[in-house]
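# Per-entry structural report
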Amino acid sequence: MSDPYGNTPERTFAALPPAHGRGFALTWWGQAWLKALEDAALDNQQVKTGRRLARAGAVGAVSVRPGRITAVVQDSDRTSHRADVLLQELSEEQWDRFLDMAVERSGHIAALLDREMPTHLVEDAEAAGVELLPGLGDLEAQCDCGAWDHCGHTAALCYQVARLLDQDPFVLLLLRGRGEGELLDELQVRSVPRTATEAPGQEQASEGVDAAEAYADGEILPPLPDPPPVPAEPGLPPSLDTETDPASGVDPAALGFLATQAAREAHRLLTEALRADHEQRSIAAELTLTQDAVRLASGFPDTSVASRLAEGSGRDREGLALAVRAWEHGGTAALDVLEADRPAQAETLARARAALESAWEEDQRPALRASRNRWTVADGRTQLRLGTDGRWWPYRKERGRWAPAGPASQDPATALALAEGQE
């Protein structure tokens with residue numbers, strides 16, 4: 001759908017039914033959208049109000065166009081308000097970098113067409129200097145109720161858009177400035193093979209500067225070239241397949257695995273170091289030996305290496321597998337929630353109970369048994385765990401052991417929906 005002048009792509013989504021008994025975002029990118037809202041909102045009560053309004057079906061049809069989403073939201077007293085949420089569009093240069101990256105990795109295009117947004121697509125975009133998902137403070141609120149920050153109406157709109165993003169990640173790309181049709185057309189053009197006159201991989205060579213002349217005229221040296229881009233993937237470690245037998249005590253399989261993981265970690269650290277906001281990011285605490293064993297185990301080691309990692313971290317094989325699942329959902333914070341059984345402080349406990357009471361209507365609230373930082377549903381099959389930062393982690397009982405079921409959420413209802421595996 002377009003505007004009357006035919007210039008601006010726009011999509012309008014019919015109002016969604018109430019979301020009783022389910023979470024708003026079950027995909028990782030939908031969760032990232034809500035995290036940008038929940039982390040930046042100055043008034044958590046307004047976020048809770050928005051969650052209740054969205055869950056009750058108070059958000060009307062949602063209009064999505066570059067840089068803006070709009071909907072009419074009804075208060076509980078039937079008063080209607082126009083709510084808008086703004087997100088910065090990508091520049092032409094950023095779109096060029098994103099499209100060039102997508103053409104190089106055809107799997108990215110296939111994933112989007114399947115309505116998926118794999119993590120490696122977002123990571124590759126970040127490596128190219130393009131932020132697809134919103135971060136802290138990126139979602140700007142405007143509402144005719146007069147609020148200057150996120151109010152219940154704009155928060156409700158954000159929760160509803162999270163459901164739309166679950167269904168179609170092209171909604172996010174439209175917000176960033178390109179509709180699905182336009183994107184696919186541009187990708188088609190960029191995928192056309194080079195002409196026969198341009199040999200692949202050959203570009204016009206730079207004449208450079210004569211060394212003697214450069215030394216004599218040091219004050220007029222040309223500027224240094226731009227640093228090379230970060231490789232799309234980690235490099236391959238040297239092959240250990242030689243005709244020489246390994247020295248006593250050396251396990252070639254384990255050594256090859258460690259080399260591969262070192263290359264992956266180096267690539268991750270380099271990508272993060274070159275991010276524009278790197279200097280503003282806090283330095284992560286050094287991993288303990290048991291945490292690092294879990295990080296390594298997330299790299300799909302073979303059976304013998306996995307057994308050694310389990311033994312070295314003081315776990316059995318099944319315990320290590322559960323720890324890896326937790327790590328993949330949230331790193332050290334998720335690992336702490338898996339292994340720590342601590343009492344909740346009185347203030348944290350009071351906030352937790354208030355969040356649980358506001359997440360459901362009274363007649364729909366599940367029966368929960370509280371034990372320290374863990375709330376177990378009465379049927380004993382699902383559980384919520386409260387992290388030290390106030391977020392809720394979903395768990396489900398599998399073969400007699402509690403297993404992580406998804407990433408953390410500020411909303412206990414969303415976390416419980418993940419634990420129950422609701423679609």
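The structure displayed is predicted, hence computed values, not measured ones.

Here is what the cut-offs are and how they apply
- Residues numbered from 1 in each chain as written.
- Predicted model: local features only at pLDDT ≥ 70, side-chain atom pairs only at ≥ 80, totals over all residues.
- Heavy atoms only, no water.
- Pairing = 2+ DSSP bridges.
- Helix = DSSP H or I, 4+ residues; strand = E, 2+ residues; numbered from the N terminus.
- Axes fitted to C-alpha atoms, helices over the stretch in contact; angles between N-to-C directions.
- Parallel < 35°, antiparallel > 145°, perpendicular 65-115°, else oblique.
- Contact = heavy atoms within 4.5 Å.
- Nonpolar A, V, L, I, M, F, W, Y, C, P; charged D, E, K, R; others polar.
- Patch = residues over 30% accessible without salt bridge, like charges linked within 9 Å, V, L, I, M, F, W, Y side chains within 5 Å.
- Areas by Shrake-Rupley, 256 points an atom, 1.4 Å probe, with all protein chains shown as cover.
- Salt bridge = Lys/Arg side-chain N within 4 Å of Asp/Glu carboxyl O.
- Lys, Arg positive; Asp, Glu negative; His and termini not counted.
- Charge placed at Lys NZ, Arg CZ, Asp CG, Glu CD.
- Core = buried A, V, L, I, M, F, W, Y, C linked by side-chain atoms within 4.5 Å.
- Buried < 20%, exposed > 50% of the residue type's maximum accessible area, 1.4 Å probe, protein only.

Reading across from one edge, β1-β2-β3-β4-β5 is the order of the 5 strands in this open sheet, with antiparallel pairing throughout. If you trace the sheet from one side to the other, it starts and ends with β1 (11–13) and β5 (140–143), each paired once. Between one strand axis and the next, the sheet turns by 20° as a mean value, whatever way the strands run. Alignment of strand β2 (residues 62–65) against strand β3 (residues 68–74), held across 3 bridges, turns out to be antiparallel. In the sheet register, serine 63 faces β3, and the bridge partner there is threonine 70.

Pairing in this open sheet of 5 strands is antiparallel, and the strands run β6-β7-β8-β9-β10 from one edge to the other. For this open sheet the edge positions go to β6 (368–371) and β10 (401–404), each flanked by a neighbour on one side alone. In this sheet, adjacent strand axes meet at a mean angle of 30° when their direction is disregarded. In this structure, strand β9 (residues 392–398) lies alongside β10, joined through 4 bridges in antiparallel fashion.

Before going further, it helps to examine the packing of helix α10 (residues 252–273) against helix α12 (residues 303–312). Remark: α10 packs on α12, axes separated minimally by 9 Å, with the N-to-C direction vectors making an angle of 75°. Regarding the angle of α10 to α12, the classification is roughly perpendicular. Contact with α10, carried on its side by Ala253, Ala254 and Phe257, involves Val305, Arg308 and Leu309 of α12 and no other residues of that element. Here the residues of the contact of α10 with α12 sort into 5 nonpolar, no polar and 1 charged.

Another aspect to go through is a negative patch on the surface. Together, Glu357, Glu361, Glu362 and Asp363 line one region of the surface with negative charge. Of note, glutamate 361 is situated in the loop between α14 (346–359) and β6.

Turning our eyes to something else, we now look at the nonpolar core. In this structure, Trp33, Phe98, Leu132 and Leu157 are the most contacted members of the largest nonpolar core, which totals 58 residues. Look past the residues within four positions of tryptophan 33 in its chain and what remains in contact with it is Ile69, Leu87, Pro134, Leu139, Cys158, Val161, Ala162, Leu165 and Leu175. Counting 22 residues, the second largest nonpolar core, distinct from the first, contains Val305, Val324, Val337 and Trp393.

Moving on to the pattern of salt bridges. In total, this model carries 29 salt bridges according to the counting rule given. Aspartate 411 is the partner of arginine 51 in a salt bridge, and the nearest nitrogen-oxygen pair spans 3.4 Å. Linking arginine 51 in helix α2 (residues 44–55) with aspartate 411 in the loop between β10 and α15 (412–420), this pair joins segments that are 360 residues apart in sequence. Accessibility expressed as a relative area gives 5% for arginine 51, which makes it buried. Between glutamate 180 and arginine 115 there is a salt bridge, and its shortest N-O distance comes to 2.9 Å. Taken as a pair, glutamate 180 in helix α8 (residues 180–190) and arginine 115 in the loop between α4 (106–113) and α5 (119–127) lie far apart in primary sequence, 65 residues in all. Via salt bridges that share partners, Glu265, Arg268, Glu272, Asp292 and Arg295 belong to a single interconnected network.

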